[in-house]
Amino acid sequence: MSSPSTIERLSRAALLLISMVLLGSSVYKALTTSFTHDESLTYNHYVTAPLGDILTLKEASPNSHLLNTLLMKAFSAIFGPSPLVLRFPNLLAHLGFLVFTFLLLRRSHPLLLLPLFILVNANPYLLDFFALARGNGLSLSFLAGSLFFFLEFARNCRIRAFTWSSLLATLAVLSHTTLVYYFLPLSALSLLLPVVQPVLRPSGAHQTRYPWKGVILVNALSLLALAALLWVPVHKLVATGQLFYGGETGFWKDTVGTLIETFLYGARAGAGSWVLKGIIVMVMVMAPVVLFLRKKDVSGTTGHDRDLLLLYLLLLSASVIVTAQFYLLGIKLPIRRYGLMFAPLFMLTLGYLLNFLAEDRNGKLVIIFATWILAGLFTAHTIRSFSSSTFLDWTY
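Owing to the predicted nature of the structure, the values given are computational and were not obtained by experimental measurement.

The rules behind each value
- Residues numbered from 1 in each chain as written.
- Predicted model: local features only at pLDDT ≥ 70, side-chain atom pairs only at ≥ 80, totals over all residues.
- Heavy atoms only, no water.
- 1 Å grid on protein atoms, 1.4 Å probe; cavity = no way out; pocket = protein on both sides within 12 Å on 5 of 7 lines; lining within 4 Å.
- Points joined across faces, edges and corners; volume = space filled by probe spheres on them.
- Salt bridge = Lys/Arg side-chain N within 4 Å of Asp/Glu carboxyl O.
- Helix = DSSP H or I, 4+ residues; strand = E, 2+ residues; numbered from the N terminus.
- Buried < 20%, exposed > 50% of the residue type's maximum accessible area, 1.4 Å probe, protein only.
- Core = buried A, V, L, I, M, F, W, Y, C linked by side-chain atoms within 4.5 Å.
- Contact = heavy atoms within 4.5 Å.

**Q** Honestly, empty space enclosed by the protein in this entry has me stumped. Any pointers?
**A** Here the idea is plain: a probe the size of a water molecule rolls over the atoms and shows the empty space left. Scanning all chains against the criterion turns up two cavities of 30 Å³ or more. Size it by volume and the second largest cavity reaches roughly 40 Å³. Lining the second largest cavity, in full, are Asn136, Ser139, Leu140, His176, Thr178, Leu179, Arg337, Tyr338, Gly339, Leu340 and Met341.

**Q** Is there a simple way to think about the pattern of salt bridges in this case?
**A** Inspection of every chain in the model, using the stated rule, returns twelve salt bridges. A salt bridge links Arg155 to Asp307, with the shortest nitrogen-to-oxygen separation between them at 2.5 Å. Residue Arg155 is located in helix 8 (residues 135-156), and its partner Asp307 is located in helix 14 (residues 304-329); the two are separated by 152 residues in the primary sequence. Under the relative-accessibility criterion, Arg155 is labelled partly exposed at 25%. As a salt-bridge pair, Lys332 and Glu248 come within 3.0 Å of each other at their nearest N and O atoms. Of the two residues, Lys332 is situated in the loop between helix 14 and helix 15 (342-358) and Glu248 in the loop between helix 11 (212-239) and helix 12 (251-264); the sequence distance between them amounts to 84 residues.

**Q** Help me out: how do you make sense of the nonpolar core in this one?
**A** Formed by 111 residues in total, the largest nonpolar core has its most connected members in Leu147, Tyr182 and Met341. A total of 13 residues in this core trace back to one element, the largest contributor, which is helix 15. Apart from residues lying up to four places away in sequence, Met341 is in contact with Leu140, Leu143, Thr178, Leu179, Tyr181, Tyr182 and Ala318.

**Q** How should the layout of surface pockets be read in this particular structure?
**A** Put simply, the largest pocket is a space of about 1,400 Å³. Lining the largest pocket are 46 residues, with Thr177, Thr178, Val234, Leu237 and Leu243 sitting closest to its centre. Elements with a contribution of two residues or more to the lining of the largest pocket: helix 3 (51-56), helix 9 (159-175), helix 10 (180-200), helix 11 and helix 14. Among the elements that make up the lining of the largest pocket, the one with the highest residue count is helix 11 (nine residues).

Written as structure tokens, this is what we have:
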């Protein structure tokens, strides 16, 4: 194994510094901002309630995010109730998100590692939720961890990696139920992996025996755990008509449109909005095209093509499920923070696409230069949008 180059060492040092700044900004914001009305409602109505009332959602309201409420209750019982203590689980989640996004990108081209890490993490709206006592930040951290272990499982077919992936995906759903849009595609793709993998594997390449029994068992246990813990609360929310928040137009306008709007963080929607829309269309169209036209040998390489395919399928499947349930079942589309899982999932897909394209000598410099420019714009926007007194969704 070769030692890291100077560029890699510098990139990782800069990445560590940026991570410290991002985490420090979350801690500072958690300390300086007032408790929001949603956080106060969670504390007064749920955290202080008996454990049985929390698990069964005695007071039916989507305000209580199960795992977040339980962690708030545990931390306040140990350290005493205060805004920082109640928000501390999400600060830890921010640390986890930073670690796992680095791990997901660690095989990047040395000149792309730092800008891609910035693109995934420099989102002022996403960063808000790591300084809040809500389930969103927890769910995003578990999502990143689950993705990391799933891609590891795709490399080595070790059931332990998939067990971790499924466990973290389950915790993500318990943190915020909208992560079911990730959990379902993950479970389905884990069963289809033996079909998907040969698409990129050259003929004659070694094939690891697939642990079918283990994958089916892990999926079944995760599904049973979610059913046991969420069936009663979700049934109550549906029965009392509490799931009224969401989009009623279409996936592109409601889910994608509000994610772009919130990323802009109150800034005027101009050229930046069109650039982001263009990037989204480019990724969704270009990823399958380049994978088809440039089928490569993944054995002995970084495997960016395999990982890109899996991330793309997860992103596409989640989008299809959300759209299908809207048109077939009349379930409203996730908007704003309810669709936030699509932001890191998309940016990671973009990152793997850029890495894949950078493996070709033709155009490598253009890809690297464009990525650094985009990362610089994201950085400037995130710095400009930072507020130590308010959150975008709770501006008083």
